[in-house]
Amino acid sequence: MIQHITVIGSGTMGNGIAHTFAQYGFHVSLVDLHEKALSNALTTIEKNLDRQIQKSILIAEEKTAILSRIKTFTRLEEAVVHTHFVIEAATEQTPIKLDLFQTLDQLCPPETILASNTSSISITKLAAVTNRPDKVIGMHFMNPVPVMKLVEVIRGYASSDEVTDTVMALARQLEKIPVAVQDYPGFIANRILMPMINEAIYSLYEGVAGIHEIDTVMKLGMSHPMGPLQLADFIGLDVCLAILKVLQEGFGNPKYAPCPLLVNMVAAKQLGIKTEIGFYDYRKDPKDLIVAPRFTT
């Protein structure tokens, strides 16, 4: 029975995953390279717990118990020695994840399941660098993790039925809705979402319409809660670019080629909310979105 979870990476997705598992009674080891990153993660989790209390999702007494179930580590070997389940939420770069899975395979007990929160990278490729490919699987949460219900459970080529069933059940313990998908580039969520975002960026790049206009059409015309350009800012333009490159390489199809405007914005470090400027400017009140000056039409 899985009781101890190790989460690798304390950024937006990592701290959300740690928060959610701890909220549902699991003991969590949260790992990052730097103490500062871990401190920031705990601050974020505390703020999000306060938000849940304000919305009457939790009671105040639960906050202390949830935080007490999260321990932080900068040394991977200390965090995984007794863990039953590892989920990595490291940077979305294949070499980093391959190296991490190879290391985890050496450090973790043989029965430990190794999962990835990757949004696009091949689970089969990650599994191939381990000696336990049957115990490697994808568990792709949506952002923000404590709020969003969907979890994509991605079966690698060798992922066993037992491990898949275990991860599906684990997601349900978190009151999530798991959907099993096969291991092909972008899986389902990003295979459909990223081309839409890319087409929205192309529409802006080609001068078809402005930022507000594009987002308004998709919100009012298609009932999307957030326009594609604002959503790209929320996801991170660097993440969008990385996923599109995985799709382009994986399928060998030019329709997935990232828009030159997206490439330039990432090169300029205008990545969206994380840098406080992307298609919109978040340096003022984020509730009153202002189109970033460069892209005003």
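- Under an unreviewed UniProt entry, the protein has the name 3-hydroxybutyryl-CoA dehydrogenase and belongs to Olivibacter ginsenosidimutans.
- UniProt, in the comment section headed Sequence similarities (unreviewed entry), describes the protein in these words: "Belongs to the 3-hydroxyacyl-CoA dehydrogenase family."

With respect to the UniProt feature "domain: 3-hydroxyacyl-CoA dehydrogenase C-terminal" (unreviewed entry) in the protein
Stage number 1. Residues annotated by UniProt as "domain: 3-hydroxyacyl-CoA dehydrogenase C-terminal" (unreviewed entry) correspond here to residues 186-282.
Stage number 2. Secondary structure within residues 186-282 divides into 62% helix and 2% strand; the distance between the first and last C-alpha atoms comes to 28 Å.

What to know about the UniProt feature "domain: 3-hydroxyacyl-CoA dehydrogenase NAD binding" (unreviewed entry) in the protein
Stage number 1. What UniProt calls "domain: 3-hydroxyacyl-CoA dehydrogenase NAD binding" (unreviewed entry) maps, in this numbering, to residues 4-183.
Stage number 2. Along residues 4-183 the backbone is 43% helical and 22% strand, and the end-to-end C-alpha distance reaches 26 Å.

Some details on the side chain of Arg-132
Stage number 1. Within the secondary structure, Arg-132 is located in the loop between helix 6 (123-127) and strand 6 (136-141).
Stage number 2. Using a relative accessible area of 6% as the deciding quantity, one classes Arg-132 as buried.
Stage number 3. Aside from chain neighbours lying at most four places away, what touches Arg-132 is Leu-104, Asp-105, Cys-108, Pro-109, Pro-110, Glu-111, Thr-112 and Leu-114.

Details of the packing of aromatic side chains
Stage number 1. Counted under the stated rule, the structure contains five aromatic pairs.
Stage number 2. Relative to Phe-141, the ring of Phe-21 has its centre 6.3 Å away and its plane inclined at 75°; by these criteria the two rings are edge-to-face. Highlighted residues: Phe-21 in helix 1 (residues 12-23) and Phe-141 in strand 6, separated in sequence by 120 residues.
Stage number 3. Taking 6.1 Å as the distance between ring centres and 75° as the angle between the ring planes, the aromatic pair formed by Tyr-202 and Tyr-205 counts as edge-to-face. Taken together, the positions of Tyr-202 and Tyr-205, both in helix 8 (residues 189-205) and three residues apart, correspond to about one turn of that helix.
Stage number 4. Under the relative-accessibility criterion, Tyr-202 is labelled partly exposed at 22%.
Stage number 5. A residue is classified by how much of its surface remains accessible, and Tyr-205, at 45% relative accessible area, is partly exposed.

What to know about the packing of helix 8 against helix 12 (residues 260-267)
Stage number 1. Contact pair helix 8 / helix 12: the axes reach a minimum separation of 8 Å and the direction vectors enclose 95°. One finds that helix 8 runs roughly perpendicular with respect to helix 12. Seen from helix 8, the contacting residues are Asn-198, Ile-201, Tyr-202, Leu-204 and Tyr-205; seen from helix 12, they are Pro-260, Leu-261 and Leu-262.
Stage number 2. Of the residues contributing to the contact of helix 8 with helix 12, the split by class is seven nonpolar, one polar and no charged.

Describing the pairing of strand 1 (residues 4-8)
Stage number 1. Counted residue by residue, strand 1 has five buried out of five residues, so it is predominantly covered.
Stage number 2. Here strand 1 shows no split at all, with His-4, Thr-6 and Ile-8 on one side and Ile-5 and Val-7 on the other all buried.
Stage number 3. One ladder, built from five bridges, connects strand 1 with strand 2 (residues 27-31); its direction is parallel. For Thr-6, the partnering residue across the bridge sits in strand 2 and is Ser-29.
Stage number 4. Note that the unit made of strand 1, helix 1 and strand 2 has a crossover that is right-handed.

Considering the sheet that holds strand 7 (residues 150-155)
Stage number 1. Taken in spatial order, the eight strands of this open sheet run 3-2-1-4-5-6-7-8, and their pairing is mixed. Each edge of the open sheet is held by one strand with a lone partner, namely strand 3 (70-73) and strand 8 (177-182). Averaged over all adjacent pairs, the angle separating strand axes in this sheet is 25°, with direction ignored.
Stage number 2. Two elements, strand 7 and strand 8, share six bridges in a ladder whose sense is parallel. Residue pairing for strand 8: Val-153 is matched across the bridge by Ala-180.

Each value, and the rule that gives it
- Residues numbered from 1 in each chain as written.
- Predicted model: local features only at pLDDT ≥ 70, side-chain atom pairs only at ≥ 80, totals over all residues.
- Heavy atoms only, no water.
- UniProt positions renumbered as here; feature names shortened; annotations may be inferred.
- Helix = DSSP H or I, 4+ residues; strand = E, 2+ residues; numbered from the N terminus.
- Buried < 20%, exposed > 50% of the residue type's maximum accessible area, 1.4 Å probe, protein only.
- Contact = heavy atoms within 4.5 Å.
- Phe/Tyr/Trp six-rings, centres within 6.5 Å; stacked < 30°, edge-to-face > 60°.
- Axes fitted to C-alpha atoms, helices over the stretch in contact; angles between N-to-C directions.
- Parallel < 35°, antiparallel > 145°, perpendicular 65-115°, else oblique.
- Nonpolar A, V, L, I, M, F, W, Y, C, P; charged D, E, K, R; others polar.
- Pairing = 2+ DSSP bridges.
- Right-handed = clockwise from strand over helix to strand, strands pointing away.

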